[in-house]
Amino acid sequence: SQKDNTLFLGDIKYDKLIINAGDKLEDCKNNKIDVMIDDNYYNYSILKENNIKCILYDGKNEYLDNSDRVSNWNEIEDILSL
């Protein structure tokens with residue numbers, strides 16, 4: 001259990017963690033999500049089209065031409081600490 005709202009994979013703080021969301025766009029809007037981390041390019045595209053900041057987690061290096069692509073949690077932490 002993460003009682004202090006620190007993501008277990010690093011030192012990334014969060015207010016709310018939503019897992020297995022059905023409609024991610026709707027969940028982001030309803031919960032006023034500032035940043036979404038997703039590993040699905042379709043979800044990433046829909047969120048970006050709707051002006052929701054999204055980081056594409058690409059552990060398989062499939063989307064190398066994408067500037068918002070990261071391949072590990074250290075890179076996510078770097079982006080979020082800017």
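Above this text sits the structure in question.
Predicted model only: the values in this text are computed from it and were never measured. Going along each chain's sequence as written, the residues are numbered from 1 onward. Whole-chain, interface and lining totals are the exception, using all residues; otherwise, since this is a predicted model, local features are given only for residues with pLDDT of at least 70 and side-chain atom pairs are given and counted only at 80 or more. As a convention, hydrogens and water are excluded, and side-chain values are obtained from all of the structure's heavy atoms.

### Points about the environment of tyrosine 44
So, step 1. The way it works is that DSSP assigns letters per residue, a run of H or I at least four long becomes a helix, a run of E at least two long becomes a strand, and they are numbered from the N terminus. Mapping tyrosine 44 onto the fold places it in helix H2 (residues 41–49).
So, step 2. For the exposure calls, accessible area comes from a 1.4 Å probe over protein chains only, and a residue counts as buried if that area is under 20% of its type's maximum, exposed if over 50%, partly exposed in between. Tyrosine 44 gets classed as buried once you look at its relative accessible area, which sits at 6%.
So, step 3. With 24 residues separating them in the primary sequence, tyrosine 44 and aspartate 68 have C-alpha atoms 9.5 Å apart.

### Quick look at the sheet that holds strand S1 (residues 35–38)
So, step 1. Taken in spatial order, the three strands of this open sheet run S1-S2-S3, and their pairing is parallel. Each having just a single partner strand, S1 and strand S3 (69–70) make up the two edges of the open sheet.
So, step 2. For S1 and strand S2 (residues 53–57), the ladder comprises four bridges, and the chain directions are parallel. Bridge pairing in S2 places methionine 36 opposite cysteine 54.
So, step 3. Only heavy atoms matter for contacts: two residues are in contact if any of them lie within 4.5 Å across the pair. Convention adopted: a line fitted to C-alpha atoms gives each axis, helices being fitted over their contacting stretch, and angles between N-to-C directions are expressed from 0 to 180 degrees. Packed onto the sheet, H2 meets S1 and S2 and runs at close to 165 degrees relative to S2.
So, step 4. Helix H3 (residues 73–80) rests against S1, S2 and S3 of the sheet, and its axis sits at about 160 degrees to S2. We call two strands paired when DSSP finds no fewer than two bridges between them.

### Things to note about the pairing of S2
So, step 1. The handedness of the S1 to S2 crossover, carried by H2, is right-handed.
So, step 2. Looking at chain direction, S2 and S3 are connected through two bridges and run parallel. In the strand pairing of S3, leucine 56 is matched with arginine 69. Call a crossover right-handed when, viewed with both strands pointing away from you, the route from the first strand across the helix to the second goes clockwise.

### Digging into the nonpolar core
So, step 1. With eight residues, the main nonpolar core is built from Leu25, Cys28, Met36, Tyr44, Leu47, Ile52, Cys54 and Leu56.
So, step 2. For this core, the elements supplying multiple residues, two or more each, are helix H1 (24–30), H2 and S2.
So, step 3. Ignoring sequence-local partners within four residues, the contact set of methionine 36 consists of Lys24, Cys28, Leu47, Lys53, Cys54 and Ile55. By nonpolar core we mean a set of buried residues, namely Ala, Val, Leu, Ile, Met, Phe, Trp, Tyr and Cys, connected to one another through side-chain atoms within 4.5 Å.

### Considerations on the state of the cysteines
So, step 1. We call a pair of cysteine sulfur atoms a disulfide whenever their separation is within 2.5 Å. Tallied over the full model, the rule gives zero disulfides.
So, step 2. Cysteine 28 takes part in no disulfide bond, and the closest cysteine sulfur to it belongs to cysteine 54, at a distance of 7.4 Å.
So, step 3. For cysteine 28, a relative accessible area of 4% puts it in the buried group.
So, step 4. Residue cysteine 54 is classed as buried on the basis of its relative accessible area of 1%.

### A look at the pattern of salt bridges
So, step 1. Whenever a carboxyl oxygen of Asp or Glu lies within 4 Å of a side-chain nitrogen of Lys or Arg, that contact is scored as a salt bridge. Scanning all chains against the criterion turns up two salt bridges.
So, step 2. Put simply, lysine 24 and aspartate 38 hold a salt bridge, and the shortest N to O gap is 2.6 Å. Here the residue lysine 24 occupies a position in helix H1, and aspartate 38 occupies one in strand S1, the gap between them amounting to 14 residues.
So, step 3. The class for lysine 24 is partly exposed, based on a relative accessible area of 21%.
So, step 4. Judged by relative accessible area, which is 3%, aspartate 38 ranks as buried.
So, step 5. Residue aspartate 58 pairs with arginine 69 through a salt bridge whose shortest N-O separation is 4.0 Å. Highlighted residues: aspartate 58 in the loop between S2 and S3 and arginine 69 in strand S3, separated in sequence by 11 residues.

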